[in-house]
Amino acid sequence: MDSLLMKKKRVIPIHKTPYNTSEDMTQESQDQICSNPNCFFCTIRETDASPRRAKIASCFKAMLIGENQEHVLVLSGLWRIAMTQPNDPEFPSLGIFKCMSNLIYKGIKDKNWLLTNQNIYIPYYAAHIIGSYTMNKEEFAQIAVQSGVIPPLLELLSGKISWVEQRVAVRALGHLASYESTFESVAQYEQEVVKMALNLASTCLEVVYVDFVGVKDVNKRMEHHRNLLTRGVGDLEMENRKAEEWASQLQCWSLHLLNCFACKNRSLNLICNMVFLNDLCDMWGGLVNHTSPAGVGLIRILCYSKLGRRSIAESPKVIKSLGNLSRSSDDWQYMGIDCLVLLLKDPDTRYKVIDIATSYLVDLIELQSLGDKSNVGETITKVLLLEHNHSKLKINRQKVETALQEVLDLKLDEEKLMSKEKLEETRVLVSLIKQQANHMFRLGKVEGALLKYCEAMEVCPLRFRKERMVLYSNKSQCHLLLKNPDSAISDSTRALCLSNPANTHIKSLWRRSQAYNMRGMAKESLMDCIMFMNGCIKSDQTKRVKIPYHAARMISKHMDATWLFATARSKVINKNLVVENTKESNMNEGINYEEQLMMMEKTSLVPGLSTIIEEPFHAKEAGRRKMERARRRLKKAVVARPV
């Protein structure tokens, strides 16, 4: 940080304060004499509990009176204490919430004070302290509400200062709304809170990109943002990385706040706006915030309400997004399955979604367990075979009926009894046909090999799970070579359902990653590719792991396409291109600004066929640098996901 504060004749950078706890004072500062009788850091070193508590309470009150350059340093120290000791009741019981609330108000109402010294940091630290102390303890949340923290937090949430303060405000409000005893206090501002959270979730990524990440001249970036992101010790790369992380948190915490209302069936008429529901499909947290279910978490909550299911069933984009999630290796795969099952169980929404949902779920009927959830495939089978109104099915009735018949045939096949001798004969027959298919495949007769694999599948009993897994995976490879990505996705998904545990057959993961890539589905392809690399690492633990070239290329391609700010960047680029075009040519062609912008956004999202397999490698210097970046990203990504 450029400006430094003087503390006890010692220069201390604001973001490097050593005061994590009351005993963290360095020997150097302890030996120095403090002339301030109300020094907060001297107070917290007081060993006698009674005068210590009285002085701390007095310090909190004194912070609101007069000007003192030490206040920002005190807030920084309190922030560290709150982060490391959020369950300590001392400060919450002595008036810290009242103090923080008033400091936020002061920063919002008095711009001159806010821009004096380093007071610009105070509202951020104050809101962060409130959020940290209310994170785990409901009794602290009750004290905070009684101290009047909600109105000033709402002021920050509305964007009175910047997106950095919005991030900590929505975090604190989300904690307060999570508890039964304090939810109603937040709900007193229900319409205001929900509308702001909706807007924030939808627009925050573009705001952060335009206001910070997209600003290439670092001197034009807000200085207090840069310092908060890096704590004064980071470079440009760290700034951008932390900005991405904070933007994802801002979006996910906004969705968490909406979850608190949705799970109580509150404000569903606002949340179930069709535009917002479609936006939710693109809110996934990414690899930056992989601990949050983001958009699908809210969709799942909505699926537990009648109004929510009815609204979601009206959006083909949401249903397809849930289907893609259910056939992915994403950590939240089970949420996609749960949502589709809930929609199919409801008689009012079943007929609206069955033609889309069945095409996805039929590939999962042999899935035995998924994480801690058992009998997943059996649950899917039962819900697909429920009675339904044939007259209400849409145009894909024949396709749906074929899929349902396939489910029924598998169910009946499972109930067949077969002697041990007959089973062994069947196993030999399946192996023989598979060998014939493999031979044809090696000769380049892909279509003939595919037919043979299908023949082997028809005679292979359900209990031969490993054999069926290999057959499905080989079928997937044939479909890839025949440029049929949809069938490749379906077969590789079925193979992954048969693997033990689920989604661990590395060949099928790589084949499905390629198929998703051919479809232009970057996120799904990236997740499968990461899981593929996890599998390679796990199976090769005793050797030096080498990242396959094609996998590195896939990672490099999709890490850019799935970047948190990819959509925001695309919008900014398209707007700049529109501005550069002459208005005269637009008028001559009869196309206005808005129409041209919409056309460019649509064309920028049209996926092309994969070039991962076809393109040769040209060992140029730029290409080598790009591959190295991909490898570094991949190493970070595989560490972030469970093996």
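Residues numbered from 1 in each chain as written. Predicted model: local features only at pLDDT ≥ 70, side-chain atom pairs only at ≥ 80, totals over all residues. Heavy atoms only, no water.

### A few points about unusual backbone geometry
So, step 1. A cis amide bond links N500 with the next residue in sequence, P501, at an omega value of -5°.
So, step 2. On the secondary structure map, P501 appears in the loop between α28 (485-498) and α29 (506-518).
So, step 3. A positive phi angle is found at S267, which is not glycine, with a value near 55°.
So, step 4. Take S267: it is sitting in the loop between α15 (236-262) and α16 (268-271). (Helix = DSSP H or I, 4+ residues; strand = E, 2+ residues; numbered from the N terminus.)

### Digging into the side chain of S513
So, step 1. Positionally, S513 belongs in helix α29.
So, step 2. Take S513: its relative accessible area is 0%, and that puts it in the buried class.
So, step 3. The contacts of S513, once residues within four sequence positions are left out, are S525, D528, C529 and M554. (Buried < 20%, exposed > 50% of the residue type's maximum accessible area, 1.4 Å probe, protein only. Contact = heavy atoms within 4.5 Å.)

### Details of the environment of L509
So, step 1. Mapped onto the fold, L509 is located in helix α29.
So, step 2. Each C-alpha atom, one on L509 and one on F532, is 5.6 Å from the other, the two residues being 23 residues apart in sequence.
So, step 3. Not counting chain neighbours up to four residues away, the residues in contact with L509 comprise S329, L496, N503, T504, D528, M531 and F532.

### Description of the nonpolar core
The tendency in soluble globular proteins is for nonpolar side chains to be buried as a group.
So, step 1. Counting residues in hydrophobic clusters, the biggest one holds 135 residues, and the most contacted among them are F40, F60, L78, F91, M100, L153 and F276.
So, step 2. Leaving out residues up to four positions away in the same chain, M100 has contacts with L75, L78, A126, I129 and I130.
So, step 3. In this structure, A437, A449, F464 and A495 belong to the second largest nonpolar core, which totals 18 residues. (Core = buried A, V, L, I, M, F, W, Y, C linked by side-chain atoms within 4.5 Å.)

### Observations regarding the pattern of salt bridges
So, step 1. Under the counting rule described, the total for this entry stands at 26 salt bridges.
So, step 2. The salt bridge partner of R519 is D486, with a shortest N-O separation of 2.5 Å. Residue R519 is found in the loop between α29 and α30 (522-539), and its partner D486 is found in helix α28; the two are separated by 33 residues along the sequence.
So, step 3. Relative accessible area serves as the criterion here: at 43%, D486 is assigned to the partly exposed category.
So, step 4. Each member of the salt-bridge network shares a partner with another, and the members are K306, R309, D346 and D348. (Salt bridge = Lys/Arg side-chain N within 4 Å of Asp/Glu carboxyl O.)

### A closer look at the packing of helix α20 (residues 316-326) against helix α21 (residues 333-345)
So, step 1. Packing of α20 against α21 brings their axes to within 7 Å, and their N-to-C directions diverge by 130°. In terms of axis orientation, α20 runs oblique to α21. α21 is crossed by α20, and the crossing has left-handed handedness. Together, I319, L322, G323, L325 and S326 of α20 and Q333, G336, I337, C339, L340 and L343 of α21 make up the contact between the two elements. (Axes fitted to C-alpha atoms, helices over the stretch in contact; angles between N-to-C directions. Parallel < 35°, antiparallel > 145°, perpendicular 65-115°, else oblique. Left-handed = near helix turned anticlockwise from the far one by under 90°.)

### Focus: helix α14 (residues 223-230)
So, step 1. Across the eight residues of α14, six count as buried, placing the element largely inside the fold.
So, step 2. All of the buried residues along α14 are H224, H225, N227, L228, L229 and T230.
So, step 3. Those residues of α14 hidden inside the fold are in contact with α8 (122-133), α11 (163-178), α13 (190-213) and α15.
So, step 4. In the segment just after α14, R231 is the residue with positive phi, at about 55°.

### So, the confidence of the model for the protein
So, step 1. Averaged over all residues, the pLDDT of the protein equals 82, while 77% of them reach at least 70.
So, step 2. Counting contacts from residues 1-31, a segment whose pLDDT is below 50, to residues more than four positions away or on other chains yields 79 contacts. (pLDDT = per-residue confidence, 0-100.)

### Describing the environment of S374
So, step 1. Residue placement: S374 occurs in strand β4 (residues 373-374).
So, step 2. Exposure remark for S374: the relative accessible area of 52% places this residue in the exposed category.
So, step 3. Setting aside chain neighbours within four positions, we find S374 in contact with Q368 and S369.

### Focus: the packing of aromatic side chains
So, step 1. Applying the stated criterion to the full structure yields 15 aromatic pairs.
So, step 2. Ring geometry for Y209 and F565: centres 6.0 Å apart, planes at 40°, overall tilted. With Y209 in helix α13 and F565 in the loop between α31 (549-561) and α32 (566-580), this pair connects stretches of sequence that are 356 residues apart.
So, step 3. Judged by its relative accessible area of 0%, F565 is buried.
So, step 4. One cation-aromatic arrangement involves K109 over Y105; the distance from NZ or CZ to the ring centre is 4.5 Å.
So, step 5. The residue whose ring lies beneath R221 is F212, and the NZ or CZ to ring-centre distance is 4.5 Å. (Phe/Tyr/Trp six-rings, centres within 6.5 Å; stacked < 30°, edge-to-face > 60°. Lys NZ or Arg CZ within 6 Å of the ring centre and 35° of its normal.)

### Comments concerning the packing of α15 against helix α18 (residues 294-302)
So, step 1. Between α15 and α18, whose axes approach to 9 Å, the crossing angle comes to 5°. The orientation of α15 relative to α18 falls into the category roughly parallel. Packed against α15, whose contacting residues are C252, L255, L258, N259 and A262, the element α18 presents A294, G295, G297, L298, I301 and L302 at the interface.
So, step 2. Residue composition of the contact of α15 with α18, grouped by class: eight nonpolar, three polar and no charged. (Nonpolar A, V, L, I, M, F, W, Y, C, P; charged D, E, K, R; others polar.)

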